Amino acid sequence: MDRREYKSFRGRRGYSRHTRGSNRYNASRDPRNQEKPPKTDDLDTRLNDLIIMIGDDKAVNSLDSNIEFLSRALITEIRTHKNTILDTIFKCVLALPTKTGIYGTLVGLLNLSNKELGKEVVDRVREELQVALKRLELYNIKFLLRFLGELYNACVIDAQSLIDVYTLLLKILEVKEYPQSYHDFFLFLIASSLPFVGPKLSKANSAQLENLLTQISTGVKDRDKKVNKTIMIFQSEDPLDYFDWILQGLVQQKESGWPNISILQCPYKFFETKFEQSFEHTFPASDLTLPHIEDPKNAPGLGEQSLPVRLPLFPNSRLPDSLSLIDQVLLHDVATDLLYFFNPNRALAVKFLLSLSHKENLEPLFVETIFSQLFRLPKAPFRTLYYSAILIEMSKSRSDTFSSTLKEAIKLVFDRLEELDVECYEIFTDWFSHYLSNFDFKWNWIEWRDVVNKPESRQYSFISETLEKAVRASYYERIHRSIPEDIYTLMPAKPEPNFAYTNESGEFYGPAKLLNLRMKNKDGGEELIKWLNDDVFPKFQFTTDDMIELIVNCLLLNGSKSFSHLLNVLDRYFVLLRHFISTPQQQIQCLHAIHSFWKTSTQFIVITINKFLTYRVLEAASIANWIFSESIIPLGKRQYIWEIMTRTIDKALDSVALGEQKLSEMDVPTEKSDATEEEIKNYEVMKDKLEQARDEKKLLFQVTFQRFSMVLNEYLQ
C-alpha cells in the first residue's frame with residue numbers, strides 16, 4: 001500500500017476481541033469503511049504504520065531484513081505499547097490473507113526475544129478461535145487457523161499442538177447428523193491449511209501428517225457430491241469437484257516430498273536457523289469446543305460463503321509450468337478471499353490480486369476466479385457491478401495480457417450459452433453490457449455475425465439483450481453506430497412512447513387531447529376525477545378498460561421525457577390512478593396499458609411498473625398474474641419480464657423486513673404503564689401495516705406458484 005491507501009485502511013476494522021460480527025461480510029466493522037480514529041499517540045500511529053505496511057515493498061529480496069527490523073522496533077516498545085502491537089497484528093491477520101506468513105514470522109521473532117509475549121499471542125489465538133467457533137465466524141476461523149500454522153512454522157507452537165487442533169476440527173465429520181455444509185467447511189479448512197505446514201510437518205511428524213491426509217481423503221470420498229452444471233459444461237471429461245481438485249493437489253505435494261508453495265510468501269524460511277533456538281509453546285487444543293447444533297436436521301446451511309467455487313474455463317496448459325496444482329488451489333482461494341474482503345475498495349482488491357502474480361502469467365486463473373463468483377448460485381456474494389468493476393480495472397492495469405485473456409473467456413462462455421444455466425446467462429448479459437459501456441462499446445461483432453441466421457438460438461437473444469442494455473447505458477444512435485451492418489437486425493427498436501390516441505379520427509382522440517392538456521396545465525387529481533366522472537366518461541360511453549387506458553396513456557405521455565418527469569406526474573396524480581384502478585382486474589389492464597405505451601423501451605416498462613407498485617397503484621399479486629397472463633407468457637424468454645418479477649418479489653420481502661425492523665424498535669405499549677395514547681396508536685398502526693405486508697407477500701407467492709405450475713403443466717402436456 002502507498003501512504004494514501006494505507007490511511008484508508010489503518011484503524012478501520014472496528015476490531016474487538018469479543019464483539020466481532022457474523023461470518024457474513026459486515027462493512028461497518030471493516031478497516032476500510034470506518035472513520036480514522038483521532039490521533040492520540042504518534043508512536044502508536046507509527047507502529048500501526050509499520051505493522052500494516054510490512055511486506056508491501058516491491059523489493060521482495062528485502063523482506064527478511066524488513067521483518068527483522070520491525071521485530072526489533074516492536075520489542076523496544078513492547079512494554080508501553082503491547083496492546084497496540086498485538087491488536088494491530090491480529091487485525092491484519094483477520095483482514096490481509098496474503099500476508100499471514102509475514103505476521104507468523106514476525107511473531108516468531110518476537111517470541112525468540114520474549115517468550116512470554118509469544119505465550120500471550122498463543123493464548124489470544126486460542127481465545128479468538130474459540131469465540132469464532134462458537135459463533136461460526138467462518139472467515140475468522142479460517143484465518144486464525146492459517147495463522148496458527150504459520151506460528152508453527154516460526155517455532156512459536158510445537159508440532160503436536162497443531163496436529164491436535166487439526167484432529168479436533170476433523171472430528172466434526174464424525175457427526176453424521178450435521179448438514180453437509182458443516183462437514184465441507186471443516187474438511188476444506190484443514191485441507192487448505194496443510195500445504196502451508198506440510199514442508200515442515202513432513203520432517204517433524206510424517207506419520208501423523210500421513211494420518212491427516214488419510215482422513216481428508218476419506219472425507220472427500222464419503223461426500224455427497226452435487227454436480228455443478230455450470231462447471232460441467234466447461235469440462236470435456238468428468239466434472240472435477242472442488243474437493244477432488246484440492247485432494248489431487250495434496251497428493252501431488254506428498255509425492256513431491258512436500259515442497260514449499262511457490263506462489264505465496266514463506267518468510268519463515270529466512271529464519272529457520274534462528275528459530276531452532278525458540279521456545280515452543282503448547283497450544284491447548286482440548287480447550288477448544290466444536291460448534292454445537294441443537295437440532296441438526298433443521299439446522300441452516302453455512303451459506304454461499306462457506307466454500308470457494310471453481311469455474312474451469314481454461315485448460316491447465318494456459319498456466320505456467322512452474323505452477324503446481326496446489327498453487328492453483330491456494331491462489332484461487334486467496335483471490336476469492338481478497339474479492340470478499342476488499343469489496344468496498346476495488347482499487348485495493350485489484351492491487352492485491354495483481355501482487356499475487358509476480359512474474360507469472362496468472363491472468364487465466366484470475367478470470368476464472370472472478371467468473372466463478374459472478375456465476376455463483378443462487379446468488380453471488382456481491383452485485384454484478386462489483387465484479388465488472390474489478391475486471392475492468394484489471395483490464396486497464398494490464399491491457400496487454402489481462403484484456404486478451406478476458407476476451408478469450410467471453411468467447412468461451414458465448415460458445416457454451418446454449419448449455420449455460422439460464423440465471424448465469426442473464427448475469428452474463430448484464431455483466432457484458434456493462435463491460436462494453438466502459439470500453440466505448442467496442443467489440444469484434446463480426447466474429448458473431450453468423451448468429452443473425454439463428455433467431456431461435458440463445459446466442460441470438462444474448463446479443464440482442466446485450467445491445468438493448470447497452471442502449472439503456474447510452475443512447476440508441478450511439479449503439480447503432482458502434483456495430484457493423486451485419487448485425488443491425490439484432491438491434492432493438494428505438495425507445496419511444498407509443499401513445500394510443502394519435503389518430504385524429506379515433507373514437508377517443510378528443511377526450512385524450514383534453515385530458516393531456518389538463519395534465520400539462522397541472523390540474524389537481526381530485527379536480528380531474530370530478531371532470532372525468534361528470535363530463536367525459538358518461539358522454540363518450542367509456543368502458544372500465546377504456547377509462548384506464550386513457551388515464552394511463554395520458555399520464556405516461558406527460559412523464560415520458562425522463563424518469564424525473566414520471567415521478568412528478570405520479571406524485572401529482574396517484575390519487576387519480578388509485579380512484580380508477582382498484583380491483584385486480586383493473587390493475588392488470590393498467591399493466592397492459594403501460595406495456596403497450598412503452599413497448600419499445602423495456603427500461604421504462606420495468607421502472608414504471610416498479611414505481612406504480614411503490615405508489616401502491618398496483619399490488620404485487622396483480623403483477624404476478626399479469627406476467628403469467630396469456631399475452632405476456634410468449635415473452636417469457638425476455639429478460640425484462642423476469643426483472644419485473646424479481647423486483648416485485650424483492651419489494652415484497654423488503655416491505656416485510658422493514659416492517660419487522662420498525663416494530664422491533666418500538667416499545668410494546670402493553671408493557672409500559674405510562675404509554676401515551678399516541679404511542680399505543682402508532683404501535684397498532686405499525687402492527688397492522690406489518691400484517692398487511694405479510695398478507696401481500698403470502699398472496700404474491702401463492703399466485704406465483706399457482707400460475708407458474710399451470711404454465712409448466714401446459715408446456716409439459
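In the block above lies the structure referred to throughout.
Since we're looking at a predicted model, the values are computed, not measured.

Engineer: I keep staring at the overall build of the protein and nothing clicks. Help me out?
Structural biologist: Along its length, the protein carries 29 helices and zero strands. For the protein, restricting intrachain contacts to residue pairs at least 6 apart in sequence, the fraction spanning at least 24 positions comes to 76%. In the structure as shown, the protein presents an accessible area of about 33,800 Å², 49% of it carried by carbon and sulfur atoms.

Engineer: How should unusual backbone geometry be read in this particular structure?
Structural biologist: Most peptide bonds adopt trans geometry, and most residues besides glycine take a negative phi value. Cis geometry marks the peptide bond from L377 to P378; its omega dihedral reads 10 degrees. The residue D440 is not glycine, and still its phi comes out positive at about 60 degrees. With respect to the helices and strands, D440 occurs in the loop between α18 (422-437) and α19 (458-473). One non-glycine residue, R616, lies in positive phi territory at about 60 degrees.

Engineer: Mind showing me how you'd approach the pattern of salt bridges here?
Structural biologist: Opposite charge on two side chains permits them to pair, given that their charged atoms come into close proximity. Under the definition given, this model contains 28 salt bridges. Residue E363 is joined to R398 by a salt bridge in which the shortest nitrogen-to-oxygen separation is 3.1 Å. On the criterion of sequence distance, the pair formed by E363 in helix α15 (residues 363-374) and R398 in the loop between α16 (384-397) and α17 (402-415) is long-range, its members being 35 residues apart. You can call E363 buried: its relative accessible area is 3%.

Engineer: Before we go on, may I ask you to explain a negative patch on the surface in this structure?
Structural biologist: On the surface, E684, D688, E691 and D695 cluster together to form a negatively charged patch. Mapped onto the secondary structure, D688 falls in helix α29 (residues 677-716). The exposure class of D688 is exposed, given its relative accessible area of 53%.

Engineer: Can you walk me through a nonpolar patch on the surface in this structure?
Structural biologist: A grouping of F708, L712, Y715 and L716 is seen on the molecular surface, where their side chains present a nonpolar patch of about 490 Å² in accessible area. Of the residues examined, L712 reaches a relative accessible area of 38% and is grouped as partly exposed.

Engineer: Would you mind going over the side chain of E468 with me for this structure?
Structural biologist: With respect to the element layout, E468 can be found in helix α19. You can call E468 buried: its relative accessible area is 12%. In contact with E468, other than residues within four places in its own chain, are P492, T602 and R638.

Engineer: What is the right way to read the packing of helix α25 (residues 584-597) against helix α26 (residues 602-614) from this model?
Structural biologist: Geometry of a packed helix pair, given as the angle between the helix axes and the separation of the axes. Where α25 meets α26, the closest approach of the two axes is 9 Å, and the angle between their N-to-C directions is 150 degrees. Viewed along their axes, α25 and α26 adopt a mutual orientation that is roughly antiparallel. The element α25 and its partner α26 pack so that their crossing is right-handed. Contacts between α25 and α26 involve C590, L591, I594 and H595 from the first element and I605, T608, I609 and F612 from the second. Tallied by class, the residues present in the contact of α25 with α26 amount to six nonpolar, two polar and no charged.

Engineer: Mind showing me how you'd approach the environment of Y435 here?
Structural biologist: Looking at where Y435 falls in the secondary structure, it is placed in helix α18. Taking relative accessible area as the criterion, Y435 reaches 2% and is therefore assigned buried. C-alpha of Y435 to C-alpha of A389: the two residues are 46 residues apart in sequence and 8.2 Å apart in space. In contact with Y435, other than residues within four places in its own chain, are S388, I392, S395, S403, L406, K407, I410 and W443.

Engineer: Explanation requested: the layout of surface pockets in the structure shown.
Structural biologist: A probe as big as a water molecule, rolled over the atoms, marks out the empty space that is left. Reported here for the second largest pocket is a volume of approximately 1,600 Å³. Broken down by secondary-structure element, the contributors of at least two residues to the lining of the second largest pocket are α16, α18, α19, α26, α28 (639-664) and α29. With nine residues, α28 is the single largest residue contributor to the lining of the second largest pocket. For the lining of the second largest pocket, the class distribution of residues is 19 nonpolar, eight polar and 11 charged.

Engineer: It is not clear to me how the packing of helix α4 (residues 100-113) against helix α6 (residues 138-153) should be interpreted in this structure. Could you clarify?
Structural biologist: Relative orientation of the contacting elements α4 and α6 amounts to 45 degrees, with a least axis distance of 8 Å. Compared by their axis directions, α4 and α6 come out oblique. Seen from above, α4 lies across α6 with right-handed handedness. The segment α4 lies against α6, with T100, G101, Y103, G104 and V107 engaging R146, F147, E150 and L151. Its residues assigned to classes, the contact of α4 with α6 comprises four nonpolar, three polar and two charged.

Engineer: I would appreciate a short explanation of helix α22 (residues 525-540) in the present structure.
Structural biologist: The largest bend along α22 reaches roughly 45 degrees and is located at L532. Within α22, the full set of buried residues consists of G525, L528, I529, W531, L532, V536 and F537. In the stretch just after α22, Q541 is the one whose phi turns positive, near 55 degrees.

Engineer: Explanation requested: the environment of I410 in the structure shown.
Structural biologist: Within the secondary structure, I410 is located in helix α17. Given the relative accessible area of 0%, I410 is considered buried. Taking the C-alpha atoms as reference, I410 lies 9.0 Å from F428; in sequence the two are 18 residues apart. Discounting chain neighbours no more than four positions away, the residues touching I410 are F428, W431, F432, Y435, W443 and W448.

Engineer: Explain the packing of aromatic side chains to me, please; I cannot follow it from the model alone.
Structural biologist: Each aromatic ring pair is summarised here by two numbers: the centre-to-centre distance and the angle between the ring planes. Applying the stated criterion across every chain yields a total of 47 aromatic pairs. A ring pair is formed by F90 and F147, whose centres lie 5.9 Å apart and whose planes are at 75 degrees; its orientation type is edge-to-face. Placement of the pair is F90 in helix α3 (residues 63-93) and F147 in helix α6, with a sequence separation of 57 residues. You can call F147 buried: its relative accessible area is 0%. Both rings, one in F628 and one in F708, keep their centres 6.2 Å apart while their planes meet at 70 degrees; by these two values the pair is edge-to-face. Residue F628 is found in the loop between α27 (620-627) and α28, and its partner F708 is found in helix α29; the two are separated by 80 residues along the sequence.

Engineer: I tried to follow the environment of I75 on my own but got confused; where do I start?
Structural biologist: Within the secondary structure, I75 is located in helix α3. C-alpha separation for the pair I75 and S113, spaced 38 residues apart in sequence, amounts to 7.6 Å. Discounting chain neighbours no more than four positions away, the residues touching I75 are L110, S113 and N114.

Engineer: Just checking my understanding: could you explain α26 for this structure?
Structural biologist: One full turn of an α-helix is made of 3.6 residues, so residues set three or four places apart face in the same direction. Along its 13 residues, α26 runs 18 Å from first to last C-alpha, staying within 8% of the 18 Å computed at 1.5 Å per residue. Across the 13 residues that make up α26, a large majority, 10, are buried. Within the sequence span of α26, burial applies to T602, F604, I605, V606, I607, T608, I609, N610, F612 and L613. Tucked into the core, α26 has its buried residues touching α19, α23 (544-558), α24 (563-580), α25, α27 and α28. Positive backbone phi, approximately 60 degrees, marks R616, located one or two places after α26.

Cut-offs and rules
Residues numbered from 1 in each chain as written. Predicted model: local features only at pLDDT ≥ 70, side-chain atom pairs only at ≥ 80, totals over all residues. Heavy atoms only, no water. Helix = DSSP H or I, 4+ residues; strand = E, 2+ residues; numbered from the N terminus. Contact = heavy atoms within 4.5 Å. Areas by Shrake-Rupley, 256 points an atom, 1.4 Å probe, with all protein chains shown as cover. Salt bridge = Lys/Arg side-chain N within 4 Å of Asp/Glu carboxyl O. Buried < 20%, exposed > 50% of the residue type's maximum accessible area, 1.4 Å probe, protein only. Patch = residues over 30% accessible without salt bridge, like charges linked within 9 Å, V, L, I, M, F, W, Y side chains within 5 Å. Lys, Arg positive; Asp, Glu negative; His and termini not counted. Charge placed at Lys NZ, Arg CZ, Asp CG, Glu CD. Axes fitted to C-alpha atoms, helices over the stretch in contact; angles between N-to-C directions. Parallel < 35°, antiparallel > 145°, perpendicular 65-115°, else oblique. Left-handed = near helix turned anticlockwise from the far one by under 90°. Nonpolar A, V, L, I, M, F, W, Y, C, P; charged D, E, K, R; others polar. 1 Å grid on protein atoms, 1.4 Å probe; cavity = no way out; pocket = protein on both sides within 12 Å on 5 of 7 lines; lining within 4 Å. Points joined across faces, edges and corners; volume = space filled by probe spheres on them. Bend = angle between axes of the 7 residues up to and from the residue. Phe/Tyr/Trp six-rings, centres within 6.5 Å; stacked < 30°, edge-to-face > 60°. Expected span 1.5 Å × (residues − 1).

Just geometry here; none of it tells us what the structure is for.
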